[in-house]
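Report on the structure
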Amino acid sequence: MTVTNISKWGNSQGIRLSKKMLKQIGVENIDNEQVTLTVNDGKIIIEKTSQQSKLMQRFADYDPQDYLKNREIASNDLPGPKGREIW
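Structure report, in brief. (Residues numbered from 1 in each chain as written. Predicted model: local features only at pLDDT ≥ 70, side-chain atom pairs only at ≥ 80, totals over all residues. Heavy atoms only, no water.)

**Structural notes on a nonpolar patch on the surface**
- On the surface, Ile25, Val35, Leu37, Val39 and Ile44 cluster together to form a nonpolar patch covering roughly 480 Å² of accessible area.
- Topologically, Val39 is positioned in strand β3 (residues 35–40). (Patch = residues over 30% accessible without salt bridge, like charges linked within 9 Å, V, L, I, M, F, W, Y side chains within 5 Å. Areas by Shrake-Rupley, 256 points an atom, 1.4 Å probe, with all protein chains shown as cover. Salt bridge = Lys/Arg side-chain N within 4 Å of Asp/Glu carboxyl O. Helix = DSSP H or I, 4+ residues; strand = E, 2+ residues; numbered from the N terminus.)

**Describing the pairing of strand β1 (residues 6–9)**
- Looking at chain direction, β1 and strand β2 (residues 12–15) are connected through four bridges and run antiparallel. Pairing of Ile6 across the sheet is with Ile15, part of β2.
- Here β1 folds back onto β2 in antiparallel fashion, the turn holding two residues, of which Gly10 has a positive phi close to 65°. (Pairing = 2+ DSSP bridges.)

**Some details on the layout of surface pockets**
- In this structure, the largest pocket encloses a volume near 630 Å³.
- Lining the largest pocket are 18 residues, with Ile15, Leu17, Met21, Leu22 and Ile46 sitting closest to its centre.
- Counting only elements with at least two residues in the lining of the largest pocket, the list comes to β2, α1 (19–24), β3 and β4 (43–48). (1 Å grid on protein atoms, 1.4 Å probe; cavity = no way out; pocket = protein on both sides within 12 Å on 5 of 7 lines; lining within 4 Å. Points joined across faces, edges and corners; volume = space filled by probe spheres on them.)

That is the geometry; function is a separate question.
Printed below as a string of structure tokens:
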């Protein structure tokens, strides 16, 4: 257990956390690392937030089967060549 002080930082309050303590919850890169704060039974709980890339966030609800079902024409349903195509 570590005891620390709450300090005034501008219009807010802040708590300094040691690198050793942050490392214990998996926070390695201190710059711009996100954590989740929750209050439970009078305790402040700090947890590392799992970060996904923005691309993965955009595709989080993507269902390829649903996409294929809702397409008007699937690629294998296209008609054959009409002219002198060589493919």
